[in-house]
Protein chains: 2
Amino acid sequence: MKFCSTCGSDQLETRIPAGDQLPRIVCASCESIHYVNPKVVAGCLLTWQGQILLARRAIEPRYGYWTLPAGFMELNENTAQAAARECWEEARATPAEMSLFGLVSIPRISQVYVMYRGTLHKGEYGVGEESLEVGLFEPEAIPWDDIAFPVVRHSLKRYLENPQREDVYDVIIDRNTNWQALETGAAAIKQQAG
Amino acid sequence: MKFCSTCGSDQLETRIPAGDQLPRIVCASCESIHYVNPKVVAGCLLTWQGQILLARRAIEPRYGYWTLPAGFMELNENTAQAAARECWEEARATPAEMSLFGLVSIPRISQVYVMYRGTLHKGEYGVGEESLEVGLFEPEAIPWDDIAFPVVRHSLKRYLENPQREDVYDVIIDRNTNWQALETGAAAIKQQAG
């Protein structure tokens, strides 16, 4: 942001507005405060007869790597709707049953993933515009070395540990994430509080 | 948004960029695309010896009405951290135990609430800058006629229906919400898919 989107001035500065706790981008000309907030990414792990649906990315970042269908939530959507839309856009897949799978906070890049799980309607899928290819993978055939993002790896591992597990996870993934002891968001707070 | 925040031009238009599905605000001068996304609100229902912590809002919207501590998630936070911060800012309260309570999508205003539940550390609280007063309420003393937002009403009702319930909810609240049969996000999608 180089110019104020309210008045067009280039007199932007970073300061803590009155009554606020954090530095914000403020226009010195018109006093508009320009908030920047985390983004929601909605995705879904879809299965069909024990296989998991993965899509190979045709876009950056991580072009050519495998992912679960997921993407930025749009205005006026609900989270499940956003996840289902991404399944269609990336893999021409329709979820037949969906339930909340878990939340993943990624503070380093200010994203919150809302992950669903579901079954693939009629086992049908195709290749969306943002994908190079799409496929159903047996658990032992998952291309672990070519997974696009840590959050995708986490969801796959969580699912494979126990496909019947129904408790919703709440985890934080960050640069120093210890994959052996992935702490929950709530546990992390408890530690901070002592 | 009246001016492009990248180049300062007032030649903003709304159109669907190449390869996109939805109309965006695009600068006709520098071709910057200005995405607008839903916001995450994090909150927490804190209890102490069977009572629930509520804060009366000292800010608009809904000045003077009662709410659970909740507010916009900030950059570089995780969701539980954001909820705990709001507890402190609004009610000088520290969560002693926290777990994910549920998700509420509010598509009309493009917000996703991430609600936690927890206990109030040592039963201590105070009045934060954004609150007129803060108090612990017995279930039968909750001021139902003066609750700030539908999402707060939902969380309170959900808790009181069964304080021991551990499954995480995923609901949509919108103008036409039927409170007798609040549908889950996943169920709504299933209906759409037929």
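None of these values were measured; they are calculated from a predicted model.

## A word on the interface of chain A and chain B
Alright, step 1. Every contact between the two is made by 55 residues of chain A and, on the other side, 55 residues of chain B.
Alright, step 2. Summing the contributions of chain A and of chain B, the shared interface buries around 4,300 Å²; its carbon and sulfur component is 60%.
Alright, step 3. E74 of chain A is the salt-bridge partner of R24 of chain B, the closest N and O atoms lying 2.6 Å from each other.
Alright, step 4. Counting every contact that joins chain A to chain B gives 16 residue pairs in polar contact (both at pLDDT 80 or more).
Alright, step 5. When residues in the side of chain A that touches chain B are grouped by element, the largest group, eight residues, is from strand 8 (residues 95–106) of chain A.
Alright, step 6. For the side of chain A that touches chain B, the residue count by class is 28 nonpolar, 16 polar and eleven charged.

## A few points about the relation of the copies chain A and chain B
Alright, step 1. Screw-axis analysis of chain A against chain B gives a translation of 0.0 Å along the axis, an RMSD of 0.0 Å, and a rotation angle of 180 degrees. The two molecules are tied by a two-fold rotation axis, judged by turn and shift.
Alright, step 2. Comparing interface residues between copies, 100% of those in chain A also sit at the interface in chain B, which points to an isologous, same-surface contact.

## Some words on the environment of L45 of chain B
All names here are of chain B.
Alright, step 1. Tracing the backbone through its elements, the reader meets L45 in strand 4 (residues 39–48).
Alright, step 2. Taking the C-alpha atoms as reference points, L45 and C87, 42 residues apart in sequence, are found 9.1 Å from one another.
Alright, step 3. Apart from the residues within four sequence positions on either side, L45 is in contact with I52, L68, F101, M115, Y116, R117, G118, S155, L156 and Y159.

Conventions we followed
Sequence order as written defines the numbering, with residues in each chain counted from 1. Think of it this way: whatever chain is written first is A, whatever ligand is written first is 1, and the rest follow in order. Predicted model: local features are reported for residues with pLDDT of at least 70 only, side-chain atom pairs are reported and counted for 80 or more only, and whole-chain, interface and lining totals are derived from all residues. Excluding hydrogens and water, the side-chain figures rest on all heavy atoms present in the structure. Throughout, a contact is declared for two residues whenever any of their heavy atoms are within 4.5 Å. Put simply, buried area is the surface a 1.4 Å probe can reach on two separate parts but cannot reach once they are joined, added for both. Criterion for a salt bridge: a side-chain nitrogen of Lys or Arg within 4 Å of a carboxyl oxygen of Asp or Glu. A 3.5 Å cut-off defines polar contacts: any pair of N or O atoms within that distance qualifies, except that in protein one atom must be a possible hydrogen donor and the other a possible acceptor, and neighbouring residues in sequence count only when both atoms are side-chain atoms. The helix count covers DSSP runs of H or I at least four residues long, the strand count covers runs of E at least two residues long, and both are numbered beginning at the N terminus. Only Asp, Glu, Lys and Arg are considered charged, only Ala, Val, Leu, Ile, Met, Phe, Trp, Tyr, Cys and Pro nonpolar, and every remaining residue, Gly among them, polar. For this overlay, a least-squares fit was computed on C-alpha atoms, restricted to residues scoring pLDDT of at least 70 in both copies.

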